[in-house]
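Residue strings, one per chain:
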Amino acid sequence: MKDQPSTPPECEASSRPDWVPADAGAGFATRVVQGVSPELAKAERQSSAAAPRRRRLSVDDYATGVLARDPMVLGRAITLIESNAPAHQEQAQQLLAKLLPHTGRSRRIGITGIPGAGKSTFIEAFGCHLTELGLRVAVLAIDPSSSVTGGSILGDKVRMEKLSQRRSAFIRPSPSGGSLGGVARKTREAILVCEAAGYDVVIVETVGVGQNEVAVRSMVDFFLVLMIAGAGDEMQGIKKGVIELADAIVINKADGDNLPRCTVAQAEMRRVLHYLHRATEGWETPALLASSLTGSGVPEVWQMTEGYFTTTRASGALEKRRRTQAVEWMHALIAESLRTQFYTSPAVCARLEAVEHAVAHGRMPALAAAIELIAASRG
Ligand code: GDP
């Protein structure tokens, strides 16, 4: 039989506090146990006094720390970006302005796949391979499901344990809560901070459950869709158009008994890709096999990725994509800002409910209502 865990030593009768009845025995509901020894309490006080307190950082401190590649400051800079407090947002924007000249040099890679496709296992294998080649890798996650379901698909498990122990890797889970738009903005800004911190490759991971893929596609250079054989094409995104966003398809878990099925899936995927629109001008989307578990095919995925960057750099497609993305992002920010201004305007807040009611009951046309509210918001 296994040993029972040892219970805390009960106080000797002589050292019991005054409030314990003298005849405290089985009838006394509370067991009085030995507290922390005075020596231990003193040692703990000393060690907590010696521990450095979390100093508030200025924008310059953040910028210097990020540029000096200090992972602790990088983590705090991303926390600052993720904060919804107006003071933090202002600081974050100042920080981004300082870092902007140092951004743009990484390869931005998006990776998606349905839950269970093996994203974390793949990114772990892929990331470790890159670090072995001497590259610095940052992994960011987008998982707005956390705001819908109250739980995070990407964040719950201990993920990428090996990669997270490498000094040249940085892993950041998804910011919790918020709309997809909000999470996407924070992730875009986190990419810039990671670039300023000298990461050669920034991987943005997302669960393939809907709109997330489009958001990630709009912030990365190269978009990889991870699939598994036999999970149903429809479910994995062919009908949702996710394949058309992909610069590469990797069929994962191509190992053991599953290998023949994966080879068939690869041939089918190649046929499908032949008929689809290319995601990137001048680049034919390949379908590769890999096993994140054994590592086979992983170096080939990186070779193919490098081929993509060489090709699109030479053709100008990469530069063009980044320019388009930056302009689209600006428009998205304008739209978001106008929306916030509108819905927080006191005149709109005061009248919105009544106008909604009038529209719902057919007493006011939607267009007239919108015009009236917009006019009210402008005071
Ligand atoms: P995610 O939900 O997409 O992040 O998927 P995970 O990385 O958590 O993997 C889901 C399951 O698939 C886990 O049990 C992994 O061990 C397994 N898995 C991932 N990659 C491979 C692979 O290449 N081969 C095999 N046989 N199993 C794998």
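The preceding data block contains the structure.
Small disclaimer: the values here were computed from a predicted structure and weren't measured. Residue numbers restart at each chain and count upward from 1, following the sequence in its written direction. Totals for whole chains, interfaces and linings use all residues, but because this is a predicted model, local features are given only for residues with pLDDT of at least 70 and pairs of side-chain atoms are given and counted only at 80 or more.

A few words now on the site of the ligand. Around the ligand, a shell composed of 14 residues is seen, among which Gly-118, Lys-119, Thr-121, Lys-253 and Leu-293 lie nearest. Runs of E in the DSSP output that reach at least two residues are strands. Runs of H or I that reach at least four are helices, and both are numbered from the N terminus. Element by element, the count of residues in the shell around the ligand is highest for helix α5 (residues 119-132), at 3 residues. In this classification, Asp, Glu, Lys and Arg are treated as charged, Ala, Val, Leu, Ile, Met, Phe, Trp, Tyr, Cys and Pro as nonpolar, and every other residue, Gly included, as polar. Looking at side-chain class alone, the shell around the ligand contains 3 nonpolar, 8 polar and 3 charged residues. Each residue receives a C-beta atom built from its backbone; the residue is near a molecule or strand if that atom lies within 6 Å of it.

Let's shift gears to the sheet that holds strand β2 (residues 137-142). Sheet strands pair via backbone hydrogen bonds, and the direction of the pair is either parallel or antiparallel. Taking strand neighbours across the sheet as the criterion, the 7 strands line up as β3-β2-β4-β1-β5-β6-β7 in an open arrangement whose pairing is parallel. Whereas interior strands pair on both sides, the edge strands pair on one side only; in this sheet they are β3 (169-172) and β7 (287-289). Taken pair by pair, the neighbouring strands of this sheet meet at an average axis angle of 20°, ignoring direction. Relative to strand β4 (residues 201-207), strand β1 (residues 107-113) runs parallel, the two sharing 7 bridges. Residue Arg-107 lies in a different strand from β4, and its bridge partner there is Val-201. On top of the sheet, helix α12 (residues 298-315) reaches β1, β5 (222-228), β6 (248-252) and β7; it is set at about 155° to β7, its chief contact. Pairing between strands is defined by DSSP: at least two bridges between the two strands are required. Fitted lines through C-alpha atoms serve as axes, helices being fitted only where they are in contact, and the angles separating the N-to-C directions of these axes extend from 0 to 180 degrees. Contacts here follow a simple rule: the backbone-placed C-beta atoms of the two residues must lie within 7 Å.

With that settled, the discussion passes to helix α11 (residues 259-275). To estimate the expected span of a helix, subtract one from its residue number and multiply by 1.5 Å. Between its terminal C-alpha atoms α11 stretches 25 Å, which fits the 24 Å expected from 17 residues at 1.5 Å a residue. Residues of α11 that are buried include every one of Cys-262, Ala-265, Gln-266 and Met-269, and no others. All buried residues of α11 fall inside an arc of 110° around its axis, so they share one side. In α11, the exposed residues that point more than 90 degrees away from the buried face are Pro-260, Ala-267, Arg-271, His-274 and Tyr-275. Of the surrounding secondary structure, the elements contacted by the buried residues of α11 are β6 and β7. Every C-beta atom is placed from the backbone, and the number of other C-beta atoms within 10 Å of a residue's own sets its class: buried at 20 or more, exposed at 12 or fewer, partly exposed in between. Along the arc lie the directions from the helix axis toward the C-beta atoms.

A word on the pairing of β5. Counting buried positions along β5 yields 7 of 7 residues, so the element is predominantly enclosed. Going residue by residue along β5, you find Phe-222, Leu-224, Leu-226 and Ile-228 tucked away on one face and Phe-223, Val-225 and Met-227 tucked away on the opposite face as well. As defined by bridge partners, β1 adjoins β5 across 4 bridges and the pair is classed as parallel. Its bridge partner lying in β5, Ile-109 is registered against Phe-222. Pairing analysis gives 5 bridges linking β5 to β6, with the strands arranged parallel.

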